[in-house]
Amino acid sequence: MIEVRWHGRGGQGAVTSVELLAQAAIGVGKYAQGFPSFGPERRGAPVAAFSRIDDKKIKVRSGIYKPDVVVVLDSSLIGLVNVTDGLKPDGILIVNTVKPPQDIKKELSYNGTVATIDGTSIARQELGVPIANTTMIGALLKMTKVMELEKLKETVEHRFGRLAQKNLTAMKRAYEEIKISN
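Let me sum up the structure you'll find in this document. If you're wondering where the values come from, they're calculated on a predicted model, not measured in any experiment.

### Examining the sheet that holds strand β1 (residues 2–9)
Here we have 7 strands laid out as an open sheet, ordered β2-β3-β1-β4-β5-β6-β7, and mixed in their pairing. Bordering the open sheet on either side are β2 (31–37) and β7 (179–181), each of which pairs with just one other strand. Pairs of neighbouring strands in the sheet enclose a mean axial angle of 15°, with direction left out of account. Relative to strand β5 (residues 92–96), strand β4 (residues 69–72) runs parallel, the two being bridged by 4 bridges. Paired with Val-69 across the two strands is Ile-92, which belongs to β5. Here helix α4 (residues 133–144) sits on the sheet and contacts β1, β4, β5, β6 (113–117) and β7; the angle it forms with β5, its principal contact strand, is near 150°.

Next up, the structure:
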């Protein structure tokens, strides 16, 4: 089983990302959960969302406290939120930032794998808006191999209709352009 915690701000699409990922995983025969964790937050406030994906039935129904992967949709949350809290020592941290992975690794004193992608620029170029949630799904798939990128096509088309291809292009670019530091 792979467990992922997503950090973002209200309105950045963290919840949409976990829903898309769960629906796509189920569509390819896997078991999945996707759920948010927020209270009375408003647009712009820090939020977290969670994903679980496995090849067998998922029986656990609790929160995710020791994620395998953490995805940060907004690098301004670093320092405001402890994004590495509970992240496994051999886990993967994926950050939407222009900074190289080595800088993030040093800034957070995290010894696991760190990957960075300028998801916001990709989203602006491909979607016309600076919302990088679908872009970051591409980065997650590259780092985890939990499913093939092409397997999201139907789910994204269903969710975004005529904007689907732009989202799929953004995902593919993140998949191809991600920078990794072990």
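### Some words on the side chain of Arg-5
Topologically, Arg-5 is positioned in strand β1. Here Arg-5 sits buried without a salt bridge, and the closest side chain of opposite charge, Asp-85, lies 5.1 Å off (N-O distance). Separated by 2.8 Å, the side chain of Arg-5 and the backbone oxygen of Val-83 make a polar contact. At a separation of 2.8 Å, a polar atom in the side chain of Arg-5 contacts the main-chain carbonyl oxygen of Asp-85.

### Focus on the packing of aromatic side chains
One pass over the structure, following the stated rule, counts 1 aromatic pair. Aromatic pair Phe-35 and Phe-50: ring centres 5.4 Å apart, planes at 25°, arrangement stacked. Residue Phe-35 is located in strand β2, and its partner Phe-50 is located in strand β3 (residues 46–54); the two are separated by 15 residues in the primary sequence. A residue is classified by how much of its surface remains accessible, and Phe-35, at 22% relative accessible area, is partly exposed.

### Let's talk about the pattern of salt bridges
Following the criterion strictly, the structure yields 10 salt bridges and no others. The salt bridge involving Arg-159 is made with Glu-19; its shortest N-O contact spans 3.1 Å. Here Glu-19 lies in helix α1 (residues 14–27) and Arg-159 lies in helix α5 (residues 153–160), a separation of 140 residues in the sequence. Residue Arg-159 is classed as partly exposed on the basis of its relative accessible area of 38%. Between Arg-173 and Glu-126 there is a salt bridge, with the nearest N and O atoms lying 2.9 Å from each other. With Arg-173 in helix α6 (residues 164–177) and Glu-126 in helix α3 (residues 119–127), this residue pair connects regions lying 47 residues apart in the sequence. Through salt bridges with shared partners, a single network forms among Glu-126, Arg-173 and Glu-177.

### With respect to the environment of Lys-66
In this fold, Lys-66 is placed in the loop between β3 and β4. As for Lys-66 and Pro-89, which are separated by 23 residues in sequence, their C-alpha atoms are 9.7 Å apart. Residue contacts for Lys-66: discarding those within four places in its chain leaves Glu-3, Gly-86 and Lys-88.

### Here's the deal with helix α2 (residues 101–108)
Within α2 the residues assigned to the buried category are Pro-101, Ile-104 and Lys-105. Projected onto a plane normal to the axis of α2, the buried residues spread over an arc of 100° and lie on a single side. In the core, the buried residues of α2 are packed alongside β5, β6 and β7.

### Quick word on unusual backbone geometry
If a residue is not glycine, its phi is most likely negative; likewise, a peptide bond is most likely trans. Not every positive phi belongs to a glycine, and Ser-109 is a case in point at roughly 50°. When you line up the elements, Ser-109 lands in the loop between α2 and β6. Under the relative-accessibility criterion, Ser-109 is labelled exposed at 62%. For Lys-145, which is not glycine, the phi dihedral falls at a positive 60°. Checked against the element boundaries, Lys-145 lands in the loop between α4 and α5.

The rules behind these values
Numbers given for residues are sequential positions, taken from 1 along each chain in its written order. Where totals are concerned, whole chains, interfaces and linings use all residues; where local detail is concerned, this predicted model gives features only for residues with pLDDT of at least 70, and gives and counts side-chain atom pairs only at 80 or more. To get the side-chain values, all heavy atoms of the structure are used, and hydrogens and water are removed first. Criterion used throughout: strands pair if DSSP finds at least two bridges between them. A run of DSSP states H or I qualifies as a helix once it reaches four residues; a run of E qualifies as a strand once it reaches two. Both are numbered from the N-terminal end. Lines fitted to the C-alpha atoms define the axes, with helices restricted to the stretch that makes contact. Angles between their N-to-C directions range from 0 to 180 degrees. In this description, contact between two residues means that some pair of their heavy atoms is separated by no more than 4.5 Å. Partly exposed describes any residue whose relative accessible area lies between the buried limit of under 20% and the exposed limit of over 50%, with all areas from a 1.4 Å probe on protein chains only and scaled to the type maximum. Only four residue types enter the tally: Lys and Arg on the positive side, Asp and Glu on the negative side; His and the chain ends are excluded. Take a side-chain nitrogen of Lys or Arg and a carboxyl oxygen of Asp or Glu: if they are within 4 Å of each other, that pair is a salt bridge. Whenever two N or O atoms come within 3.5 Å, that pair is a polar contact, provided that in protein one can donate a hydrogen and the other can accept it, and provided that, for residues adjacent in sequence, both atoms are side-chain atoms. Two aromatic rings from Phe, Tyr or Trp, using only the six-membered ring of Trp, form a pair when their centres are within 6.5 Å; if the ring planes differ by under 30 degrees the pair is stacked, by over 60 it is edge-to-face, and anything between is tilted. Note that the arc is defined by the directions from the helix axis to the C-beta atoms.

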